[in-house]
Amino acid sequence: MPQPMTLGFQGLGKMGLNMVRRLRRDDHRVVCHDRSADPRGDVEAVGAEWAPELSDLFARLTPPRVHWLMIPAEAVDAAIETLRPFLEPGDILIDGGNSHFHDTVRRAQSLGEAGVRLLDVGTSGGIWGLQAGYCLMVGGEQSAFEAVEPAFATLSPPEGCLYCGPSGAGHYVKMVHNGIEYGMMEAYAEGFELMAAGRYDLPLPQIAHLWNQGSVVRSWLLELAERALAEDPELEYLDAYVPDSGEGRWTAQEAVDLAVPAPVLVNALMRRFDSRQDRSYGLRLLAALRKQFGGHAVKPAGGEAPK
């Protein structure tokens, strides 16, 4: 069991709250804060502490303090400015969301001028991370990484955490990870659409299960496809509206900037744009997969787009 440590935690959404639950399994002391007091009961139920104000949170941490942000990329700059009055030289701030790596480098330089170390932690695992663990891709100063290793060891499965390099490296690896995810999901969606349109009345949920029994295309995403198809083989309960949360666009732009051919990843992003204009079977499966692995909102057939 990793040596327990103390850390602050801010951002208690679908992933953040489960990460706190997992940290508490190894008796890490976690002091939590959120814009809303709604998660307080869940936080305290697992033995974590609730801090109504950030000043209270930082007062409970022992220098050098460690504070984890699990918030949307667009909110990170504002959050850092709010935290600056409480941060001291030697403190470690963790951005576990999907920030653009260019922004991460800029933030690390700015915080570094005040002696604060920023770790960028690309976090994959979605709503299943509590059970299976989170895959962690870490960038920043190696000394800061080593200081937080006990928490990383609790959050990740064996061999599920890697120090990737200096500031931005963790978010860069996570960006490419998500671009690949787009491509894999698109390949499954196209294949199942072909079978749905073919001459045979094929048992698609059973085929998804079959392919996970030793096939070269077996994967966790295919397990989630099996789950989604078992719930509704025709996928009639949702519309073919597939949002993108930014990382696919950043991956495509990076491929352009480096002149690296990435037609599968770019086309998968374009297909998500297509999804907002039609209602194909394959794109409905994409929407179902996002809901299965990440708990993302879906647009019911005939309903409104998710917020």
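Everything quoted here is computed from the prediction, not taken from an experiment. (Residues numbered from 1 in each chain as written. Predicted model: local features only at pLDDT ≥ 70, side-chain atom pairs only at ≥ 80, totals over all residues. Heavy atoms only, no water.)

Q: Looking at this structure, how should I read the overall build of the chain?
A: Along the chain, the regular secondary structure elements total 13 helices and eight strands. For 307 residues, the compact-globule formula gives about 19 Å, and the C-alpha radius of gyration of the chain, at 21 Å, lands near that figure. Structurally, the chain occupies a C-alpha span of about 65 × 45 × 40 Å along its principal axes. Going through the 307 residues of the chain one by one, you find that 50% of them count as buried. Taking the contacts inside the chain whose residues are at least 6 apart along the sequence as the reference set, 69% of them involve residues at least 24 apart. In the structure as shown, the chain presents an accessible area of about 14,300 Å², 54% of it carried by carbon and sulfur atoms. For the chain, the distance from the average site of its 28 positive side-chain charges to the average site of its 41 negative ones is 3 Å. (Helix = DSSP H or I, 4+ residues; strand = E, 2+ residues; numbered from the N terminus. Rg over C-alpha atoms; globule rule 2.2 N^0.38 Å. Buried < 20%, exposed > 50% of the residue type's maximum accessible area, 1.4 Å probe, protein only. Contact = heavy atoms within 4.5 Å. Areas by Shrake-Rupley, 256 points an atom, 1.4 Å probe, with all protein chains shown as cover. Lys, Arg positive; Asp, Glu negative; His and termini not counted. Charge placed at Lys NZ, Arg CZ, Asp CG, Glu CD.)

Q: What exactly am I supposed to notice about unusual backbone geometry here?
A: In most cases, non-glycine residues show a negative phi, while peptide bonds are predominantly trans. The linkage connecting Pro 63 with the following residue, Pro 64, adopts the cis geometry, with an omega of -10°. Residue placement: Pro 64 occurs in the loop between α3 (54-59) and β4 (66-69). Residues other than glycine seldom take positive phi values, yet Asp 27 does so here, at roughly 65°. Checked against the element boundaries, Asp 27 lands in the loop between α1 (14-25) and β2 (29-33).

Q: Can you walk me through the side chain of Ser 219 in this structure?
A: With respect to the helices and strands, Ser 219 occurs in the loop between α9 (204-211) and α10 (220-231). Looking at Ser 219, the relative accessible area reads 16%, which means it is buried. Within the structure, Ser 219 has its side chain in polar contact with the backbone nitrogen of Leu 221 (distance 3.3 Å). With residues up to four places along the chain from it excluded, the contact list for Ser 219 reads Met 184, Tyr 188 and Asn 212. (Polar contact = N/O pair within 3.5 Å; in protein donor to acceptor, adjacent residues only side chain to side chain.)

Q: Explain the sheet that holds strand β5 (residues 92-95) here, please?
A: Sheet strands pair via backbone hydrogen bonds, and the direction of the pair is either parallel or antiparallel. Read across the open sheet, the eight strands follow the order β3-β2-β1-β4-β5-β6-β7-β8; overall the sheet is mixed. Each of the sheet's edge strands pairs with one partner strand only, and the pair in question is β3 (49-50) and β8 (161-165). In this sheet, strand β7 (residues 135-139) lies alongside strand β6 (residues 117-124) in antiparallel orientation, the contact comprising five bridges. Across the sheet, the residue bridging to Val 121 is Val 138, located in β7. Strands β5, β6, β7 and β8 of the sheet are contacted by helix α8 (residues 169-197), whose axis makes an angle of about 20° with β6. (Pairing = 2+ DSSP bridges. Axes fitted to C-alpha atoms, helices over the stretch in contact; angles between N-to-C directions.)

Q: Hey, could you run me through the pairing of strand β1 (residues 6-10) in this one?
A: Successive residues of a regular strand alternate their side chains across the two faces of the sheet. The element β1 is largely enclosed, with a buried count of four among its five residues. As defined by bridge partners, β1 adjoins β2 across five bridges and the pair is classed as parallel. Bridged to Leu 7 within β2 is Val 30. Once the chain exits β1 it traverses α1 before rejoining the sheet at β2, and the crossover so formed is right-handed. Judged from the three bridges that link them, β1 and β4 form a sheet pairing that is parallel. Bridge pairing links Gln 10 to Leu 69 in β4. (Right-handed = clockwise from strand over helix to strand, strands pointing away.)

Q: Sorry, what's going on with helix α12 (residues 263-274) here?
A: Since the α-helix packs 3.6 residues into each turn, any two residues three or four apart lie on the same face. For α12, which comprises 12 residues, the first-to-last C-alpha distance of 16 Å matches the rise-based estimate of 16 Å (1.5 Å per residue) to within 8%. Turning to α12, its buried residues number three or more, namely Ala 268, Leu 269, Arg 271 and Arg 272. Buried residues of α12, seen end-on, are gathered within an arc of 155° and therefore sit on one face of the element. The elements touched by buried residues of α12 are α8, α11 (247-258) and α13 (281-294). (Expected span 1.5 Å × (residues − 1). Arc of directions from axis to C-beta.)

Q: Looking at this structure, how should I read the side chain of His 28?
A: Following the sequence through the fold, His 28 ends up in the loop between α1 and β2. Judged by relative accessible area, His 28 falls into the buried class, the value being 0%.

Q: What's the story with α13 in this structure? I'm lost.
A: With 14 residues, α13 ought to run about 20 Å at 1.5 Å a step, and its terminal C-alpha atoms sit 20 Å apart, in line with that. Counting buried positions along α13 gives 13 out of 14 residues, so the element sits mostly inside the fold.

Q: Can you help me understand the nonpolar core in this one?
A: It is characteristic of soluble globular proteins that their nonpolar side chains tend to be buried jointly. Of all hydrophobic cores here, the largest spans 29 residues; its most connected members are Phe 9, Cys 32, Trp 68, Leu 119, Val 148 and Phe 152. Only β1, α1, β2, β4, β5, β6, β7 and α7 (142-155) provide two or more residues apiece to this core. Broken down by element, the residue count for this core peaks at six residues, all from α7. Beyond its immediate sequence surroundings of up to four residues, Phe 152 is in contact with Trp 68, Leu 119, Val 121, Leu 136, Val 138, Phe 145 and Cys 161. Residues Tyr 188, Met 195, Ala 208 and Tyr 281 belong to the second largest nonpolar core, which totals 27 residues. (Core = buried A, V, L, I, M, F, W, Y, C linked by side-chain atoms within 4.5 Å.)

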